[in-house]
Every structure is written in structure tokens, then in C-alpha cells.
Amino acid sequence: MKKSYLFLNAAIIAAFLVSGCQNQENGTVQASSAEIAGSETASESASEAGKGNGSGNPIIGSNFISKNSTITEIPLGSLGKIELADYDSLEVALQPVDTEVKDSDITSYINSQLAAELKEVSGRGAAKGDTVTVDFSGKVDGKDFDGNTGTDYPIVLGSGQMLSDFEEALYGVEAGKTVTTEVKFPDDYTAEAVAGKTAEFNITVKKVQEPSVLDEAFIAAHTKTGADTEAKYRDEIRAKIQGMYQSQIELTAVSQALDNLAGQSVLEPSAAFHDWLYQYYKDSLDEMLESSGTTMEEYQSSTGLDDTGVENSIWNNVNQNAPQLMLMRQIAADQGLDDEDNLKKSLLTYLSEVYGEDVSQEDLEAAYGMETSQLELQAAVYEYMKDHVHITWQESSDQ
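A brief look at the structure comes next. (Residues numbered from 1 in each chain as written. Predicted model: local features only at pLDDT ≥ 70, side-chain atom pairs only at ≥ 80, totals over all residues. Heavy atoms only, no water.)

Examining the overall build of the chain
Across its full length, the chain holds 11 helices and 12 strands. Burial status across the chain gives 42% buried among its 399 residues. Accessible area for the chain stands at about 20,400 Å²; split by element, carbon and sulfur atoms hold 46% of it. (Helix = DSSP H or I, 4+ residues; strand = E, 2+ residues; numbered from the N terminus. Buried < 20%, exposed > 50% of the residue type's maximum accessible area, 1.4 Å probe, protein only. Areas by Shrake-Rupley, 256 points an atom, 1.4 Å probe, with all protein chains shown as cover.)

Here we look at unusual backbone geometry
Although it is not a glycine, Asp-141 adopts a positive phi angle of roughly 55 degrees. Summarising the element assignment, Asp-141 is placed in the loop between strand 7 (131–140) and strand 8 (149–156). A relative accessible area of 67% places Asp-141 in the exposed class. At Asp-152, a residue that is not glycine, the phi angle is positive and equals roughly 50 degrees. Mapping Asp-152 onto the fold places it in strand 8.

Re the nonpolar core
Leu-258, Phe-273, Ile-331 and Met-385 are the most contacted members of the largest nonpolar core, which has 58 residues in total. Within the residue set of this core, elements represented by two or more residues are strand 5 (90–94), helix 5 (230–264), helix 6 (271–292), helix 8 (307–334), helix 9 (340–355) and helix 11 (373–385). No other element matches the 11 residues that helix 8 contributes to this core. For Met-385, the residues in contact, after removing those within four places along its chain, are Tyr-87, Leu-90, Val-254, Leu-258 and Ile-331. Core analysis: the second largest hydrophobic core is formed by 25 residues, Val-121, Ala-126, Phe-136 and Val-173 among them. (Core = buried A, V, L, I, M, F, W, Y, C linked by side-chain atoms within 4.5 Å. Contact = heavy atoms within 4.5 Å.)

Things to note about the environment of Trp-393
Tracing the backbone through its elements, the reader meets Trp-393 in strand 12 (residues 389–393). Residue class for Trp-393 comes out partly exposed when judged on its relative accessible area of 44%. Separated by 301 residues in the primary sequence, Trp-393 and Val-92 place their C-alpha atoms 8.5 Å from one another. Non-local contacts of Trp-393, meaning those with residues more than four positions away in its chain, are made with Leu-94, Gln-95, Pro-96, Val-97 and Ile-249.

Examining the pattern of salt bridges
Under the counting rule described, the total for this entry stands at 16 salt bridges. In this structure, Glu-383 engages Lys-386 in a salt bridge whose closest nitrogen and oxygen atoms are separated by 3.0 Å. Taken together, the shared-partner salt bridges in this structure form one network comprising Glu-250, Glu-353, Glu-383 and Lys-386. (Salt bridge = Lys/Arg side-chain N within 4 Å of Asp/Glu carboxyl O.)

Things to note about the pairing of strand 11 (residues 266–269)
Residues Leu-267 and Pro-269 line the buried face of strand 11, whereas the alternating positions Val-266 and Glu-268 sit on a face that is not buried. Of the strand pairs in this sheet, strand 4 (residues 80–83) and strand 11 are connected by 4 bridges, and their pairing is antiparallel. Across the sheet, Lys-81 pairs through a bridge with Glu-268, a residue of strand 11. (Pairing = 2+ DSSP bridges.)

A few points about the packing of aromatic side chains
To describe a pair of aromatic rings, you give the distance between the ring centres and the angle between the ring planes. If you walk through the whole model with that rule in mind, you get 12 aromatic pairs. Between Phe-136 and Phe-201 the ring centres are 6.0 Å apart and the planes differ by 65 degrees, which places this aromatic pair in the edge-to-face class. Of the two residues, Phe-136 sits in strand 7 while Phe-201 sits in strand 10 (residues 198–211), which places them 65 residues apart along the sequence. Note on accessibility: Phe-136 and Phe-201 belong to one class, buried. Between Tyr-278 and Trp-315 the ring centres are 4.7 Å apart and the planes differ by 20 degrees, which places this aromatic pair in the stacked class. In this pair, Tyr-278 sits in helix 6 while Trp-315 sits in helix 8, placing the two residues 37 residues apart along the sequence. Classification of Tyr-278 by relative accessible area gives buried; the value is 3%. Assessed through its relative accessible area of 2%, Trp-315 is described here as buried. (Phe/Tyr/Trp six-rings, centres within 6.5 Å; stacked < 30°, edge-to-face > 60°.)

Concerning the environment of Leu-90
Looking at where Leu-90 falls in the secondary structure, it is placed in strand 5. Residue class for Leu-90 comes out buried when judged on its relative accessible area of 10%. Setting aside its immediate chain neighbours within four residues, Leu-90 contacts Ala-257, Met-385, His-388, Val-389 and His-390.

Observations regarding the side chain of Ser-373
With respect to the helices, strands and loops of the structure, Ser-373 is situated in helix 11. Owing to a relative accessible area of 4%, Ser-373 belongs among the buried residues under this scheme. In this structure Ser-373 touches Thr-70, Ile-71 and Thr-72, once residues within four positions along its chain are discounted.

Looking at the packing of helix 6 against helix 8
Put simply, helix 6 and helix 8 touch, their axes get as near as 9 Å, and they point 125 degrees apart. The angle between the axes of helix 6 and helix 8 places the two elements in the oblique class. Where helix 6 crosses over helix 8, the handedness of that crossing is right-handed. Each of Phe-273, His-274, Asp-275, Leu-277, Tyr-278, Tyr-281, Lys-282 and Leu-285 in helix 6 lies in contact with helix 8, whose residues at this interface are Val-310, Glu-311, Ile-314, Trp-315, Asn-317, Val-318, Asn-319, Asn-321, Ala-322, Leu-325 and Met-326. Looking at the contact of helix 6 with helix 8 residue by residue, the classes come out as 12 nonpolar, 4 polar and 3 charged. (Axes fitted to C-alpha atoms, helices over the stretch in contact; angles between N-to-C directions. Parallel < 35°, antiparallel > 145°, perpendicular 65-115°, else oblique. Left-handed = near helix turned anticlockwise from the far one by under 90°. Nonpolar A, V, L, I, M, F, W, Y, C, P; charged D, E, K, R; others polar.)

Here is the structure:
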């Protein structure tokens with residue numbers, strides 16, 4: 001089953017929101033070994049103006065880190081100056097949180113499971129709650145426009161994922177049928193070229209699917225405890241959610257502890273590391289846009305960023321995340337956590353704990369692709385630090 005994960009401290013992974021032909025109101029997300037030369041003077045800072053050399057070839061003087069390196073392949077000395085404060089026992093104070101698992105939480109979780117396992121529909125047209133897979137093409141005034149086509153595009157009817165005119169045309173349509181409809185773009189639509197205009201779309205419905213139902217067969221396929229009734233399965237899910245809540249508390253505590261540790265430590269990224277991380281985030285953005293079929297112009301239109309704004313966003317990620325990555329690399333090296341097999345195992349173990357179910361390498365690659373070194377590093381360090389962080393609870397202000 002294909003899963004989508006939001007992992008740990010999301011700031012570590014550059015997150016750029018893209019949009020295609022979506023409802024703008026609702027907002028519809030092998031490496032070679034490192035080549036290193038000369039790192040003694042690598043503490044030049046790129047943060048003064050939010051810039052490194054930004055050339056795509058991360059060379060500053062004799063300092064070089066191959067763009068093909070992963071974060072765990074770069075030698076520590078090339079990352080910059082690292083002097084960590086003691087982290088054997090850290091204390092963090094958290095606000096009290098409500099960890100009671102409500103019946104509505106259980107229902108929402110089960111509904112998400114049902115929606116994730118779709119069944120083919122035949123003999124009727126698409127209805128609210130169905131997932132309709134379509135090919136579409138549209139024109140405004142007889143001309144193509146950016147984002148006017150899509151192939152094998154899934155739409156959940158009733159979700160507001162698409163503009164209402166587009167979505168309404170799909171109700172009652174059976175798989176294999178094609179419909180033509182007019183779609184009026186709002187006056188404030190972020191793609192200015194079509195804002196306020198009407199497009200004519202041809203839409204071919206290729207597949208209609210509906211969520212699974214909570215029956216004996218579904219329960220038998222998903223229970224981890226041998227539940228054979230809905231009541232027993234809901235009890236199982238209650239315990240699972242409770243464990244997820246506990247994992248989130250631990251995650252929050254470790255994240256805060258590492259932030260505090262970073263503030264007490266000396267972490268001065270090298271210019272070469274700044275440039276490597278810039279290239280990493282820039283490549284991640286380019287790859288995401290390409291995989292989603294979104295142009296840079298569409299991305300800039302949806303985010304309101306010009307070329308300088310995109311550049312600054314990437315550098316903001318670099319300047320924010322470089323010290324954290326350095327800190328985690330040092331802890332991993334100190335504690336012998338940076339063995340390749342251990343890193344991969346740590347990520348699978350941690351995700352399985354966070355989501356309360358087994359996560360496979362296949363799941364991981366489906367969600368993130370092949371390059372997961374930053375996630376692996378983070379998971380290994382978080383797993384280690386859980387035993388070195390003590391939580392105290394602040395008194396609630398309403399008591």
C-alpha cells in the first residue's frame with residue numbers, strides 16, 4: 001500500500017508547495033563518495049547576505065564538496081566548525097497536551113484507511129466521495145494555457161480539490177465516458193493569464209473508485225491483534241493512536257532539546273557546505289516541479305515569488321538547516337550511529353513507531369524516492385536522543 005509521510009522536523013527537508021490546475025482557494029505536496037580538498041578555512045559564512053556562490057558548482061577557493069555526495073558521506077571536517085555542548089542529559093519543558101483518544105479520532109483514522117484502499121466502481125456514475133481518475137485538456141479563447149492538461153489525474157469528488165465547475169461536470173459520469181464543460185476561473189485566480197476567464201475542458205473519465213467498507217474482510221486484513229469485530233478493531237486503533245500521540249510527544253521533546261543544544265554549541269557552517277546544501281535544495285525543487293508537471297512560472301505565480309524570492313527561499317532553508325544537520329552529523333559520529341545499514345534501519349524503525357504500523361523500504365521509496373540520507377540521519381539521532389531527554393511539564397495557565 002502506498003503511503004505518504006510527513007516526517008519529523010519538516011524544516012530539514014525543503015518543502016515547496018506547487019499548484020497545477022487546482023482550486024486556489026483550498027490549496028490543493030547512488031551517490032558517489034565525497035570529493036574533498038582543503039577544509040581548514042571552510043568557516044566562511046554565506047549567511048551575511050543569504051548567499052553562497054550559488055553557481056551550481058560548489059567550489060570556493062580550494063574548498064569543494066561534490067554535489068553527488070549525501071549528507072552522511074561528507075567528512076565532518078568539511079561541514080565547518082562544530083563544538084557541541086554536553087548532550088548526555090537534556091531537560092525540556094513542554095506545555096501539557098491532551099492525549100485522550102476520542103471516538104471521533106478513531107473514526108477519522110479508520111475512514112482514512114478505507115479511503116486509502118479504493119475499489120473499482122462499475123454500473124453507476126461517479127458520486128460524492130468517489131475517486132475519479134481523468135485525462136483532461138482545456139483551452140481559453142481556443143488557445144492552450146499553462147496547466148491546461150493532465151493525465152491519469154485523481155480527483156476526490158466533494159473534496160474541493162478542483163474548481164467547482166470542473167468537479168460538478170464529473171458527477172454521474174461512468175468510466176470510459178468523455179464530457180465537455182466550461183470552467184470559470186475566479187477573478188483572483190493566482191494564474192493571472194486565465195484569471196476571470198472561462199475555459200472549455202474535455203475530460204475523459206478513465207476510472208471510478210470508491211472507498212472500502214469496514215466489514216469482516218477488511219478487519220481481518222488489517223488487524224494486528226486478531227480483532228474480529230468492529231468494536232475490537234476500534235479498541236486496537238485506540239491503542240495505536242495513543243502510541244502515536246506518545247511518539248509525537250517524544251518527537252517534540254527531542255526536537256526542542258536539539259534546538260536548545262544548537263543554541264549552546266558552536267556551529268559554523270563552511271562556505272562549501274552552504275553551497276552544497278543550496279544545490280541540494282535547488283535540485284529538490286527542480287525535481288519536484290518536473291515530477292508534478294509544473295513549470296517554474298506556474299510555481300512562482302502560485303507562491304507570489306519572483307526569481308529573487310525563490311532564491312531567498314532556498315537560502316533561508318540553507319541558513320536554517322545547516323547548523324542542525326551539522327549537529328546531527330556530530331552526534332551520529334560520536335555515538336557510532338552513522339553506519340549505512342544502521343541509518344536505513346533507524347528510519348524504517350522510527351517511521352513504524354510514529355505511524356503505528358510497519359513501514360517497508362518500498363513504502364519509503366514511494367514517499368520520498370531513493371535519496372533519504374537526511375531522513376536516515378535524523379531518525380538515528382532522534383532515536384538515540386529519546387533516552388537522553390527528560391520532559392518536565394509546565395503548569396497550565398488556566399489552572
